[in-house]
Amino acid sequence: MAVKLLLDKAHIEGIRYYDTWRKNGGYTAVEKALKMTPDEIVEEVKKSGLRGRGGAGFPTGMKWSFLAKPEGVPRHLVCNADESEPGTFKDRYLMEFIPHLLIEGLIISSFALGSSATYIYIRGEYAWIPDILEEAIAEAKANGWLGKNILGTGFDCEIYVQRGGGAYICGEETALIESLEGKRGNPRLKPPFPAVQGLWMRPTVVNNVETLAAVVPIINMGGEEYGKIGVGRSTGTKLISACGNINKPGVYEINFDLSVEEFIYSDEYCGGIPNGKRLKACIPGGSSVPIVPANLLFKTAKGETRYMNYESLSDGGFATGTMLGSGGFIVLDEDQCVVRHTMSLAHFYNHESCGQCSPCREGTGWMYKILKNIEYGKGKMSDIDLLWDIQRRIEGNTICPLGDAAAWPVAAAIRHFRDEFEWHVLNPEESQTRNYGIAHYADPREVVA
Amino acid sequence: MSDQKFKVTIDNITVEVAPGTTIVQAARLIGGDVVPPTMCYYSKLEGSGGKCRTCLVEVSKGSEKDPRPMPKLVASCRTTVMDGMEVKSITSDKVLDARKGVTEFLLLNHPLDCPVCDQAGECDLQNLSYEHGAASTRYDFKRRTFEKEDIGPYIQLHMTRCILCYRCVYTANQLTDKREHGVLDRGDHSAISTCIGKALDNEFIGNVIDVCPVGALTDKTFRFKNRVWFTKPVDAHRDCPTCSGRVRLWMRGDEVFRVTARKDEYGEVESLENGKTAWICNTCRFEKKETKDWVIEGPTKVNRHSVISQGHYVNAVNGQPKLINDVIGKDPKLLLDIHKISDVNRPEIDLSQIEGPAHSDDFLPNQSTGTMKQIGKLGE
C-alpha cells in the first residue's frame, strides 16, 4: 500500500473546515514547529531531501538556506498558486479540499524563513478558491494560529491572498513578484535572485503550493523519516494530476517507486485507456516537458523500467527521456494527432508569452503559424526543419524558462514523431479526414504479449 | 576597495575594469568588433537591457575562483564581470548563431519600409541586420501591423516598426515625473502606448525619439523632410534655461532640419562633464530650427564607416583599428567584398578619367563607352 502524506485525510467529510481538520490531527505540526528554532526547521527540510514540486525540482532546503538575512530588512514567503500549466491541476485540489494543510505549511515555512507577511498568489481563473483560502485563514486566525504572537512565541504572521490576472507567465517566480507588486507581470533578469532581492527588493522565497504543503508531513514525521520514503534523490510523495485518454482522470498521490505502466493501467490510479484504445504518447509533467512516445515511456532506452520519479523519467536526457515537471500527466491514445496537439501547445505559449524578450515573443508565434499550416494541410517539407531551427534558437536564449517551455514540446514532437509531420505534409487532404494513428510505435504491452 | 580592478578577457583581449562593470561596458573599453550589439540596453537608463538578446555572449570561464563556464549564453548588458572572467563574443560560433537567430526574430514583424523610414541611415536594426542578418527571410506570414498613433504634438508612434526594447518606457519613467508611457497587451501583439491615447506633453519627452533604436518614434517636425545622410551634423549649443542646451544640428546648407541630442558611437546620448546625461528639452529639439538660435561649435566627428559621413568630409575620423588579427580573423562586418565579386565596380578604373557622371556602362569589361550613355547624351 502506497504511503499517503498529503491526501491521507482528503476523504474525511468536512476536512475543509477548521474543526474537522483540528480533530484529525491538524495544526500539530505548527505546535511542534514553533517549539523548534527556524534553523532547525530549515535543517529538517534539508534532511528530507524535498524538491520543489512546481516543476524545476530544485531542493527546497537549499533554496531556503540561500535566503539572504540582512539586519532590519523584512523577508517574505510567497506561495506560488498560479498553477496555469496545461495538464496540471494538483494545487487546485489541495487548496480547494484541504486548504488548512497549505495554511499549516505556510505558517511553519513563514516561521522558518522569518516572514511576517506571507502571500498566496493565486491564479485568476481559480475564481472560487481565494474565498475558500480566506475562510480557512480567518478560521486559523480566530483560533490563534495566525496574527500577533502566535502560541506565545512572539512570532507574528499574516497570510494574504492575492488573485492574479490569469497570466501563465506570472507562475514564473520573478514575474509573480512583479505582478504582486502591482506591476506588469514581466519576468526580471536574474541575478539578483529573489532570495536576495525579491518582493519589494526584500529577500523572498517563492515556493509551490505542494512544496509548502509537504513541509507539514516533514515536521510531523521528521525530515529523516520523510527522506526514507521514495527512491534516491526523489523523496516523499508527489501529487500527479492525470488527464487525457484515461479511464479515471484526477489527482493522485504517488510514491516514487511506482512504475509508469502501473500508474496508467492499474485500477488504483488511471485505470487504463478507455474504449480499448492503445497508448500513443504521454506528457508526464505538464505541457512544457517533452512528449515521449509509448515505446520509450515504460522502458528507458537502456531497457530499464521507467518509474514515476525525477531521475527515472529524465533518464536518457531529452533524446529519449522527459521530465517529471509539475506532475501534469497527459495521456494520448492512438486517435490523437501529435501535430494538432503540438499546434495547440504552441498556440498556448504564443498567447502566454509576455513579449519582453525577442526570441520568445516572435519565435512562439512563428512556430504556431507554421504548425497551423502543417496541421491544416498547407505545410511544406522544409517547414519541419524550420521549426527545429526556430525552437533551437529560442531555447536557452530567453530571460525566463517560458522560452524553453515553448521550445521543448515542439522539439520533442519533431524528434519522436517526425514521420507524422511528414505524413501531414505529404498527404494534405488525407490528413484532414483521418488521423495518422499509432504509426510504427507499437503498444509496448502488445509486444510483451 | 575602490582601486580594485577585475581582469576580464573578451575575445582573447584582456582589459581591467572596476567591479560592477557589465560585460558590454568592458567590451566597449576594448571597442571595435568585439562589442556585442545592443538593441535594448542603454547605459544611461537604469534597468534597461536584457530584453532583445542580441548581446548574448558565451562565458567560457566564470571567474578565477570558479572557472566553470556558464551553462547558457548570457545577456552581456546585464551580466557583471568577475575577476578572471573569459568571454567569447565573435569568437564563438554559438554566439554568432544565436545573434543570427535573434536578428531574424527581430526582423520577423519589422516592416521593410526602410526606403521611407526616417530612421534609415542611423538605425540600430539596420546595422544589426547588416552584420548578423540573413539575406532573406524565412517568414512567409502576414506581419503584425498597428495604426500610426500621434502621441503629442511632436512625436509620432509607428508601432509596426517597434522592436519592444522598452527604452522609451524607461526614458519616460526616469526623465519625467509621472508615468504616462508603457506597454499594453502581451506577446507578439504587445504595444507601446500612452494610457490611453493620451499625449506625451512633458518638457523632456522628445528624448524618447533619440533613444528609439528603430523608426518607431519619430520627430514630427522632421518626418519625411530629408534623409539623414543628406544632412550634415554639426555640434552646437545655446543657453537653455531647462536643459544643457548642447545639441547636434542636422543641417543642409544653412537650413537646420533636425535637432537631436549629441550621441556617441553606440547611439547613446553623451554625458556632460558633471556626469549627467545631456538630454535636451523639447524647446531645443522642436522649436529652435534656425541657425541664429545656436552657437555652432563645428562639424561633428563622424566615423568614416557611417553612412552619415558619406559625401560630407574629406578628413573623416577613422574608426577603431581593426582587431581581426586578435580575434581569429573573423570579421562579421565584411559580408562580401564588392570588388571581388562584381564585374561592374572595378577599382582599376579611375573615376577622375571618366567624362561627366559615371555610368554603369563605364565599368563594363572591354567597353569604354556604353550605349546607355549615348542614349543619355541623345536625351540631352
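Given the structure is predicted, the values throughout are model-derived calculations rather than measurements.

Caption draft 1: Examining the overall build of chain A more closely. Tallying secondary structure elements over chain A gives 20 helices and 11 strands in all. Evaluated residue by residue, chain A yields a buried proportion of 63% over its 449 residues. Nonlocal contacts in chain A, meaning residues at least 24 apart in sequence, comprise 70% of its contacts between residues at least 6 apart. Per element, the accessible surface of chain A, about 16,200 Å² overall, is 52% carbon and sulfur.

Caption draft 2: Main features of the overall build of chain B. Looking only at helices and strands, chain B has eight helices and 14 strands in total. The buried share among the 380 residues of chain B stands at 51%. As displayed, chain B offers around 19,100 Å² of accessible surface, 52% of which is attributable to carbon and sulfur atoms.

Caption draft 3: Region of interest: the interface of chain B and chain A. The interface is formed by 34 residues belonging to chain B together with 35 residues belonging to chain A. For the pair chain B and chain A, the two sides together bury roughly 2,900 Å², of which 48% comes from carbon and sulfur. For the interface between chain B and chain A, the tally reads seven salt bridges. Lys72 of chain B is the salt-bridge partner of Asp404 of chain A, the closest N and O atoms lying 3.7 Å from each other. Where the side of chain B that touches chain A is concerned, the elements lending two or more residues are helix H2 (93-108) and strand S8 (181-184) of chain B. The dominant element in the side of chain B that touches chain A, judged by the number of residues it contributes, is H2 of chain B, at nine residues. Considering only residue class, the side of chain B that touches chain A consists of 15 nonpolar, six polar and 13 charged.

Caption draft 4: Local environment of the UniProt feature "domain: 4Fe-4S His(Cys)3-ligated-type" (unreviewed entry) in chain B. Look at the UniProt record and you will see "domain: 4Fe-4S His(Cys)3-ligated-type" (unreviewed entry) annotated at residues 94-133 of chain B. Helix makes up 60% of residues 94-133 of chain B and strand 0%. Its end C-alpha atoms lie 15 Å apart.

Caption draft 5: Molecular detail of the pairing of strand S5 (residues 85-88) of chain B. Residue and element names in this part refer to chain B. Here S5 shows a buried face lined by Met85 and Val87 and an unburied face lined by Glu86 and Lys88. Sheet analysis places strand S3 (residues 56-61) next to S5, joined by three bridges and oriented antiparallel. If you follow Lys61 over to S5, its bridge partner there is Glu86.

What counts as what
Residues numbered from 1 in each chain as written. Chains lettered and ligands numbered in written order. Predicted model: local features only at pLDDT ≥ 70, side-chain atom pairs only at ≥ 80, totals over all residues. Heavy atoms only, no water. Helix = DSSP H or I, 4+ residues; strand = E, 2+ residues; numbered from the N terminus. Buried < 20%, exposed > 50% of the residue type's maximum accessible area, 1.4 Å probe, protein only. Contact = heavy atoms within 4.5 Å. Areas by Shrake-Rupley, 256 points an atom, 1.4 Å probe, with all protein chains shown as cover. Buried area = accessible area lost by both parts, 1.4 Å probe. Salt bridge = Lys/Arg side-chain N within 4 Å of Asp/Glu carboxyl O. Nonpolar A, V, L, I, M, F, W, Y, C, P; charged D, E, K, R; others polar. UniProt positions renumbered as here; feature names shortened; annotations may be inferred. Pairing = 2+ DSSP bridges.

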